[in-house]
Amino acid sequence: MRKKIIIGNWKMNKTPSEVKKFFDEFKNKKIEFRSNMIYGIAAPSCDLYYAVNERPNDNFVISSQDISKHLSGAYTGEISALMLKEMGVNYAIVGHSERRTYHKETDSDINAKAKTALENGIVPIICVGETLQEYESGISKQVVEKQVKECVKDLDLSKIVIAYEPVWAIGTGKTATNDYAQEMCKFIRSLTSNETLIQYGGSVTPESIDELLNQPDVDGALVGGASLKVDSFISLIEKK
Ligand code: PEP
């Protein structure tokens, strides 16, 4: 049985002292976790060291929000798999739509980043998803098929996570219906494998997550806004 994987994407939020505050508050709560679940947060680069050291236990996954395709060298501003690994970071988001848009990342860049991550023991969370215009033109599957095929080229499909995030649902409060999320995740499964973990992302809330997780091909969620506050984050990962 595939595990569920729920990761909070903090984006460019929280200073190191706010990370400590989050975990201090988290450690004071009594939580009954969902079963068979991987959970954690993706922190900004400058917070990763604090997050690894302040997290309540080793089961709490700390992910980066990006990773370089290079291992070292003259790449100002980038962070390598070796650095992440040594800090205790085991997951890396790659190809988030905000990086595709603002940093012009291509599917081939994303594939190279995911490859470097995997080769160094870091699980890549590969983001794909169509824009509003593509959705309205009825070409979502064509767009996502191209992204998935290029991004997962030559990767071990049993060792990666794919986050299906329709761009029109990210940070907009406009979540996809459960049926649509299921249809797209099932489609992505047909392009990958039965072992691939496939998340949905896009305005997921504590209220919407249970029905989403009930969909047979939705293996979890990548959650932005609703992961920033401790109580809201806990409502995503606790057993109802
Ligand atoms: C995200 O950052 O990947 C995301 C899905 O954000 P939100 O949940 O805020 O839409």
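Parameters and conventions
Residues numbered from 1 in each chain as written. Predicted model: local features only at pLDDT ≥ 70, side-chain atom pairs only at ≥ 80, totals over all residues. Heavy atoms only, no water. Helix = DSSP H or I, 4+ residues; strand = E, 2+ residues; numbered from the N terminus. Rg over C-alpha atoms; globule rule 2.2 N^0.38 Å. Buried < 20%, exposed > 50% of the residue type's maximum accessible area, 1.4 Å probe, protein only. Contact = heavy atoms within 4.5 Å. Lys, Arg positive; Asp, Glu negative; His and termini not counted. Charge placed at Lys NZ, Arg CZ, Asp CG, Glu CD. 1 Å grid on protein atoms, 1.4 Å probe; cavity = no way out; pocket = protein on both sides within 12 Å on 5 of 7 lines; lining within 4 Å. Points joined across faces, edges and corners; volume = space filled by probe spheres on them. Nonpolar A, V, L, I, M, F, W, Y, C, P; charged D, E, K, R; others polar. Axes fitted to C-alpha atoms, helices over the stretch in contact; angles between N-to-C directions. Parallel < 35°, antiparallel > 145°, perpendicular 65-115°, else oblique. Left-handed = near helix turned anticlockwise from the far one by under 90°.

K.L.:
With reference to specific residues and values, describe the overall build of the protein.
P.N.:
A tally of helices and strands in the protein yields 10 helices and 8 strands. At 17 Å, the protein has a C-alpha radius of gyration in line with the 18 Å of a compact globule built from 240 residues. Overall, the protein is about 45 × 45 × 30 Å in size when its C-alpha atoms are taken along their principal axes. In the protein, which comprises 240 residues, the proportion classed as buried is 52%. Within the protein, contacts between residues separated by at least 24 positions form 74% of all contacts whose residues are at least 6 apart in sequence. Taking the average place of the 30 positive charges on the side chains of the protein and the average place of its 33 negative ones, the gap between the two points comes to 2 Å.

K.L.:
How would you explain the environment of Lys115 if you had to name every residue and give the values?
P.N.:
Within the element layout of this structure, Lys115 appears in helix α5 (residues 107-119). The spacing of Lys115 and Cys151 is 36 residues in sequence and 9.4 Å in space, taken between C-alpha atoms. Every residue in contact with Lys115, bar those within four places of it in the chain, is listed here: Lys153, Asp154 and Leu155.

K.L.:
Requested: an account of empty space enclosed by the protein, with residues and values cited.
P.N.:
This structure, assessed with the given rule, holds 1 cavity of 30 Å³ or more. Taken as a whole, the largest cavity holds about 30 Å³ of empty space. Taken together, Gly95, Ser97, Arg100, Cys127, Val128, Gly129, Glu165 and Val167 make up the full set of residues lining the largest cavity. Taken together, the residues of the lining of the largest cavity sort by class into 3 nonpolar, 3 polar and 2 charged.

K.L.:
Would you mind going over the packing of helix α7 (residues 140-151) against helix α8 (residues 178-191) in detail, with residue names and values included?
P.N.:
Where α7 contacts α8, the axes come no closer than 10 Å and their chain directions differ by 40°. As the angle between them shows, α7 and α8 are arranged oblique. For the crossing formed where α7 meets α8, the hand is right-handed. Along the contact surface, α7 presents Ser140, Lys141, Val144, Glu145, Val148 and Lys149, while α8 presents Tyr180, Glu183, Met184, Phe187, Ile188 and Leu191.

Honestly, that's just the spatial picture; any functional story needs more than this.
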